[in-house]
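Here is what each chain is made of, one letter per residue.
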Amino acid sequence: MPKKKNNTLELVETYLEENSRPISQSTKQTYKAIGTSIPFNIQTNSQKTIVTKIKQLVENPNTASLYLNLIILVRGHLKEETDVLIKFRNTLRESIVSLRKKKLTEIKNTIPSKAELDEKLEELSGLPYIFNYLFVNYGLRNKDMNFRVGKGDDKETNYIFVKGKHAVLLINDYKTDTTYGAKEIKVKDPKFVKELKDLKMKDGEYLLSKRNGDKLSVSTFNERVKSLSIDKLGETIIFKVLIADLLDKKDFAKIEELAKSRGTALSTIMKSYNVYNGD
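These notes cover the structure that comes with them. These numbers were taken from a predicted model, which means no experiment stands behind them. (Residues numbered from 1 in each chain as written. Predicted model: local features only at pLDDT ≥ 70, side-chain atom pairs only at ≥ 80, totals over all residues. Heavy atoms only, no water.)

Looking at the pairing of strand S3 (residues 166-171)
Here's step 1: Of all six residues in S3, five are buried; the element is thus mostly enclosed.
Here's step 2: When strand S2 (residues 158-163) meets S3, the two strands line up antiparallel, connected through five bridges. Bridge pairing in S3 links Lys163 to His166.
Here's step 3: Linkage of S2 to S3, two consecutive antiparallel strands, is achieved through a turn of two residues, within which Gly164 is found at a positive phi near 65°.
Here's step 4: Bridge count for S3 against strand S4 (residues 183-187) is five bridges, and the pairing is antiparallel. Looking at the pairing, Ile171 lines up with Lys183 of S4. (Buried < 20%, exposed > 50% of the residue type's maximum accessible area, 1.4 Å probe, protein only. Helix = DSSP H or I, 4+ residues; strand = E, 2+ residues; numbered from the N terminus. Pairing = 2+ DSSP bridges.)

Some points on the sheet that holds S2
Here's step 1: The strand order across the open sheet formed by four strands is S1-S2-S3-S4, and the pairing between neighbours is mixed. Among the strands making up the open sheet, the edge pair consists of strand S1 (147-149) and S4. Averaged over all pairs of adjacent strands, the angle between their axes in this sheet comes to 25°, without regard to strand direction.
Here's step 2: With respect to the sheet, helix H7 (residues 126-138) is in contact with S1, S3 and S4, its orientation differing from that of S4 by roughly 105°. (Axes fitted to C-alpha atoms, helices over the stretch in contact; angles between N-to-C directions. Contact = heavy atoms within 4.5 Å.)

Examining helix H9 (residues 190-198)
Here's step 1: Of the positions making up H9, those classed as buried are Phe192, Val193, Glu195 and Leu196. Angularly, the buried residues of H9 cover 165° about the axis, an arc narrow enough to put them on a single face.
Here's step 2: Along its buried surface, H9 packs onto H7, S2, S3 and S4.
Here's step 3: Positive backbone phi, approximately 50°, marks Lys200, located one or two places after H9. (Arc of directions from axis to C-beta.)

So, in structure tokens, the structure goes:
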């Protein structure tokens, strides 16, 4: 019988090394961050003890569910029992739905209108315009827009370049890439193409990068992009503004277009990004 390890992060790293199913780099980073955050052993403690410790560690049911998902995966890999943990995770669903609806109701009363976003977008230029244009017109996530200028064939990299009269976005690395595959978006808006050209960036450079030109970490990139977003709203709030506007107009075809460009199931959009879902 293999010796049980005491370090939770080490257990997570071993799971990532030995697991055969594909896991994206960003998911691996998330798992390691969770492993670092859990101050108790997820293998040697009993399931009931783990439940008790999770309740003490985190209040937010979404966070608790995220932790439990990983613990269940790792314990399952180690052939440890998980039935009690799964039952506890299932009980969190009602709390998660209730919390999400409460937040959606609060957001509905504070978010700007789509018209206000459009007006402020037209006042921007350079990188702020590039990022916000893609937020407002395609509903992209931050991760989608961690672009490298020029063409390339690295399946872990996103590219942006001008071809003729339009800009091409090749998005390989994004949240749901394992479900929907690579995305290609052609932007024909003349102002967008001009703003991209005016950046005068060389092939191989990232739109946002470290001082030495290297790719930014996920957290730093997210912070930088949010600071550039309209009124610092961030991608999630902006996407909720788009969905609220389209629901008001009953433009369900456009919602389907956004679902495709974002790489998000319609059911997820209506559940998690619909501010009217809190009513």
